[in-house]
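Take a look at the letters that make up each chain.
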Amino acid sequence: MAKGGGERGALLPVSADDGKGNGGGGGAGDDAELFKGSAMTRRGAVAALSYMSCSVLLVMFNKAALSSYNFPCANVITLLQMVCSTCLLYVLRRSKLISFTNSDPSVPSDALFFVPFRILLRTTPLSLAYLLYMLASMESVRGVNVPMYTTLRRTTVVFTMTMEYFLAKQKHTPPIIGSVALIVFGAFVAGARDLSFDARGYAIVFVANITTAVYLATINRIGKSSGLNSFGLMWCNGLVCGPSVLFLTYFQGDLKRAMEFPYLSSPGFQAVLLFSCILAFLLNYTIFWNTILNSALTQSMCGNLKDFFTVGIGWVLFGGLPFDLLNVIGQGLGFLGSGLYAYCKIKGK
């Protein structure tokens, strides 16, 4: 790996600028448009597909831990995911396999935080948004079956579009707005006759939607202004949020309940937790990568497109939602809206 080139010689893409310039191996091909006139590059498409794959798998493993094994402490899983992610980043950075900045590191590798303290402070709003996003998202998957969870999560695009307008004055074309409206309409149609309706579960999902929108919009602003790449942003999140989650789990008694969990020593449960932590690391990486390369709204739309697989796999593995024609129609409308957005994005409309 090339030395002194920051992320230019990194094994993994980590920023919007990665692969550009003189030092970007293979950058020209990766930055080429998918089609002539397309608004999305090939790297952008790879980032989007990578996110969708990780997201589907993570929902399945989290659902397995919380529902199949009835693990009572969602915050403990969040803490484990954060600790594993931070430790892995530390080892990779200490070994100089990755960097946390888009250019040559301005902090020696043996520094305490690997990034300037002023930048760590600058990323605090992002870290707090990430904390709320993680806690709300983890809890929201417990009280709602997988098909309805994915249906309700589709309304995130409305909150994301609103946050983009207020934070970045981002405006969208009528076809994009129409595709979002179709997704939301489909979500309400799908949930109109949900026989497993749970008001508390629905409320937590909508809270998760709001925190997700704030988090994605904050990534787009801070990620491009701080000089940190995807790994650097993940590192700062871990440093700021880790102690907070640890205090929360201890204060609520979740750590004690987790230690007393009857399946704690079960190989199956331990395997689920291990894969959950690995996928959480990969998911966070692809969220940063996709949001910085494309946009916060595109990131939300990717979450809708991958729902086709999440709904299908969740229905087979976990059930929880009786077959209903209205639900199927609503799901179809949501997928149609997501496909319309993807078409507009790829064609540059």
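Cut-offs used in this document
- Residues numbered from 1 in each chain as written.
- Predicted model: local features only at pLDDT ≥ 70, side-chain atom pairs only at ≥ 80, totals over all residues.
- Heavy atoms only, no water.
- Helix = DSSP H or I, 4+ residues; strand = E, 2+ residues; numbered from the N terminus.
- Buried < 20%, exposed > 50% of the residue type's maximum accessible area, 1.4 Å probe, protein only.
- 1 Å grid on protein atoms, 1.4 Å probe; cavity = no way out; pocket = protein on both sides within 12 Å on 5 of 7 lines; lining within 4 Å.
- Points joined across faces, edges and corners; volume = space filled by probe spheres on them.
- Polar contact = N/O pair within 3.5 Å; in protein donor to acceptor, adjacent residues only side chain to side chain.
- Contact = heavy atoms within 4.5 Å.
- UniProt positions renumbered as here; feature names shortened; annotations may be inferred.
- Phe/Tyr/Trp six-rings, centres within 6.5 Å; stacked < 30°, edge-to-face > 60°.
- Lys NZ or Arg CZ within 6 Å of the ring centre and 35° of its normal.
- Expected span 1.5 Å × (residues − 1).
- Salt bridge = Lys/Arg side-chain N within 4 Å of Asp/Glu carboxyl O.

## Some words on the environment of Asn-327
No. 1: Looking at the element boundaries, Asn-327 is found in helix H15 (residues 325-347).
No. 2: On the basis of relative accessibility, which here comes to 2%, the residue Asn-327 falls in the buried class.
No. 3: Sequence separation between Asn-327 and Ala-187 is 140 residues, and the spatial gap between their C-alpha atoms is 8.6 Å.

## Brief notes about empty space enclosed by the protein
No. 1: Enumeration according to the criterion identifies 3 cavities of 30 Å³ or more in this entry.
No. 2: By volume, the second largest cavity is sized at about 70 Å³.
No. 3: Lining of the second largest cavity is provided by Met-82, Ser-85, Thr-86, Leu-89, Tyr-130, Met-234, Asn-237, Gly-238, Asn-284 and Phe-288.
No. 4: Among the elements that make up the lining of the second largest cavity, the one with the highest residue count is helix H3 (residues 74-94) (4 residues).

## Section: the side chain of Thr-218
No. 1: Among the structural elements, Thr-218 can be located in helix H9 (residues 199-225).
No. 2: Classification of Thr-218 by relative accessible area gives buried; the value is 12%.
No. 3: A distance of 2.5 Å separates a polar side-chain atom of Thr-218 from the backbone oxygen of Val-214.
No. 4: With residues up to four places along the chain from it excluded, the contact list for Thr-218 reads Pro-125, Leu-126, Ala-129 and Gly-223.

## Quick look at the UniProt feature "transmembrane region" (unreviewed entry) in the chain
No. 1: Sites flagged by UniProt as "transmembrane region" (unreviewed entry) map to residues 44-61, 73-92, 112-133, 176-193, 199-219, 231-251, 271-293 and 305-322.
No. 2: Across residues 231-251, the secondary structure splits into 100% helix and 0% strand, with the terminal C-alpha atoms separated by 30 Å.
No. 3: Taken end to end, residues 271-293 is 100% helix and 0% strand, and its first and last C-alpha atoms sit 33 Å apart.

## Topic: the packing of aromatic side chains
No. 1: Within the structure shown, the criterion is met by 16 aromatic pairs.
No. 2: Look at Phe-61 and Phe-275: their rings are 5.4 Å apart centre to centre, the planes differ by 20°, and that puts the pair in the stacked class. With Phe-61 in helix H2 (residues 42-68) and Phe-275 in helix H12 (residues 267-293), the pair connects residues that are 214 residues apart, well separated along the chain.
No. 3: Using a relative accessible area of 24% as the deciding quantity, one classes Phe-61 as partly exposed.
No. 4: Ring geometry for Phe-231 and Tyr-285: centres 5.1 Å apart, planes at 15°, overall stacked. Of the two residues, Phe-231 is situated in helix H10 (residues 230-251) and Tyr-285 in helix H12; the sequence distance between them amounts to 54 residues. Each of the two residues, Phe-231 as well as Tyr-285, counts as buried.
No. 5: Grouping aromatic residues by their ring pairs yields a cluster made of Tyr-69, Phe-71, Phe-261, Tyr-263 and Phe-269.
No. 6: Residue placement shows Arg-93 over the ring face of Phe-100; its charged tip is 5.9 Å from the ring centre.

## Some points on H3
No. 1: Along its 21 residues, H3 runs 30 Å from first to last C-alpha, staying within 8% of the 30 Å computed at 1.5 Å per residue.
No. 2: By the burial criterion, the buried members of H3 are Ala-74, Asn-75, Val-76, Ile-77, Thr-78, Leu-79, Gln-81, Met-82, Ser-85, Thr-86, Leu-89 and Arg-93.
No. 3: Of the residues flanking the end of H3, it is Lys-96, one or two places downstream, whose phi is positive at about 60°.

## Describing the pattern of salt bridges
For side chains of opposite charge, pairing can occur when their charged atoms come near one another.
No. 1: Taken as a whole, this structure holds 1 salt bridge when the rule is applied.
No. 2: Among the salt bridges present, the one from Asp-254 reaches Arg-257, with a minimum N-O distance of 2.1 Å. Taken together, the residues Asp-254 and Arg-257, both in helix H11 (residues 254-259) and 3 residues apart, mark about one turn of the helix.

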